[in-house]
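# Observations on the three-dimensional arrangement
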Amino acid sequence: MILTIVTAAALLAALQATTPHYAMLTGPIRTTGQQTETVLSTTFSVKVHRVLKARTIAYTRFGRAVELQSSGVWVVASAELRAFQETMPVRAATLIGASGRSYRQSRRAGEAPGIISAKVVQPGLPTTGIFVFELPEDETRSMKLLLSEQYGPQLKDEIGVLLEQDGIAPRNRLEIGKDGV
């Protein structure tokens, strides 16, 4: 009898120690790929075309020229997204830098033309645009772009794209036009 109780207690302790945390069980459904390929999840896909770095970005908004400088560097990624079954926004874009720190889209450049977070992706219609981030220059190696419908998605798709822009020096000025970069 005592042996059965000890065995049951050991089994329960092992089960408790190896059970994943609730956040892990209900976290995002992650898919990862390279910049050179179209990365597919069950609800949407992304193809990153270009990633450019600049010290200053410029664009025209409502007929007024806007020029934004950074003490770090601007990272602008142009991409094409496709939704598969239902209309969806892709509001959450995060750039993971070389140190593992997360950088959300820059609000300073939120009025730039073609920002994807201001658009809605329709099934069957590809949506193209840009994501704009501002971060320290030493963070621009080994970057990863994370995209999802919302920040901290639970049981929703999240796509990670490994960006291949190591060693490329930032431009002094990057002009963002109506058709992107």
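Rules of the game
Residues numbered from 1 in each chain as written. Predicted model: local features only at pLDDT ≥ 70, side-chain atom pairs only at ≥ 80, totals over all residues. Heavy atoms only, no water. Pairing = 2+ DSSP bridges. Helix = DSSP H or I, 4+ residues; strand = E, 2+ residues; numbered from the N terminus. Axes fitted to C-alpha atoms, helices over the stretch in contact; angles between N-to-C directions. Salt bridge = Lys/Arg side-chain N within 4 Å of Asp/Glu carboxyl O. Buried < 20%, exposed > 50% of the residue type's maximum accessible area, 1.4 Å probe, protein only. Patch = residues over 30% accessible without salt bridge, like charges linked within 9 Å, V, L, I, M, F, W, Y side chains within 5 Å. Areas by Shrake-Rupley, 256 points an atom, 1.4 Å probe, with all protein chains shown as cover. Contact = heavy atoms within 4.5 Å. Expected span 1.5 Å × (residues − 1). Phe/Tyr/Trp six-rings, centres within 6.5 Å; stacked < 30°, edge-to-face > 60°. Lys NZ or Arg CZ within 6 Å of the ring centre and 35° of its normal.

## Overview of the sheet that holds strand β10 (residues 144-148)
With respect to topology, five strands assemble into an open sheet ordered β1-β11-β10-β6-β7, the strand pairing being mixed. Edge positions in the sheet fall to β1 (29-34) and β7 (102-104), since each has one partner strand and no second. With strand direction ignored, the average angle separating the axes of adjacent strands in the sheet is 25°. Where strand β6 (residues 92-96) meets β10, five bridges bridge the pair, whose relative direction is antiparallel. Along β10, the bridge assignment pairs Ala92 with Ser148.

## Digging into the pattern of salt bridges
Tallied over the full model, the rule gives seven salt bridges. Close ionic contact of Arg55 with Glu137 constitutes a salt bridge, the shortest N to O distance being 3.0 Å. One end of the pair, Arg55, is in strand β3 (residues 44-61); the other, Glu137, is in the loop between β9 (127-135) and β10, and 82 residues separate them in sequence. In this structure Arg55 comes out as partly exposed when scored by relative accessible area, which is 30%. Assessed through its relative accessible area of 36%, Glu137 is described here as partly exposed. Within this structure, Glu67, Arg173 and Glu175 form a network of salt bridges that share partners.

## Quick look at a nonpolar patch on the surface
Side chains of Leu11, Leu12 and Leu15 sit close together on the surface and give an oily, nonpolar patch of about 320 Å² of accessible area. Assessed through its relative accessible area of 53%, Leu11 is described here as exposed.

## Looking at the side chain of Ser78
Residue position: Ser78 is located in strand β4 (residues 64-83). Assessed through its relative accessible area of 11%, Ser78 is described here as buried. Setting aside its immediate chain neighbours within four residues, Ser78 contacts Lys47, Val48, His49, Arg50, Gly129, Ile130 and Val181.

## Re unusual backbone geometry
The backbone phi angle of Phe62 is positive, close to 55°, even though this residue is not glycine. Tracing the chain through its elements places Phe62 in the loop between β3 and β4. Phi angles above zero are rare outside glycine, and Ser142 is one such case at about 50°. Structurally, the position occupied by Ser142 is in the loop between β9 and β10.

## What about the environment of Leu40?
Looking at the secondary structure, you find Leu40 in strand β2 (residues 39-40). Classification of Leu40 as exposed rests on a relative accessible area of 53%. Spatially, the C-alpha atom of Leu40 lies 16 Å from that of Leu155, the residues being 115 residues apart in sequence. Beyond its immediate chain neighbours, meaning those up to four positions away, Leu40 contacts Thr31, Ser45, Phe84 and Ile159.

## Some points on helix α1 (residues 2-18)
Think of an α-helix as 3.6 residues a turn; residues three or four steps apart then line up on the same face. With 17 residues, α1 should cover 24 Å at 1.5 Å per step; its first-to-last C-alpha distance of 24 Å lies within 8% of that length. Among the 17 residues in α1, zero count as buried, and that is only a small part of the element.

## Here's the deal with the packing of aromatic side chains
According to the stated counting rule, one finds zero aromatic pairs in the structure shown. It is Arg104 that lies over the ring of Tyr151; its NZ or CZ is 3.7 Å from the centre.

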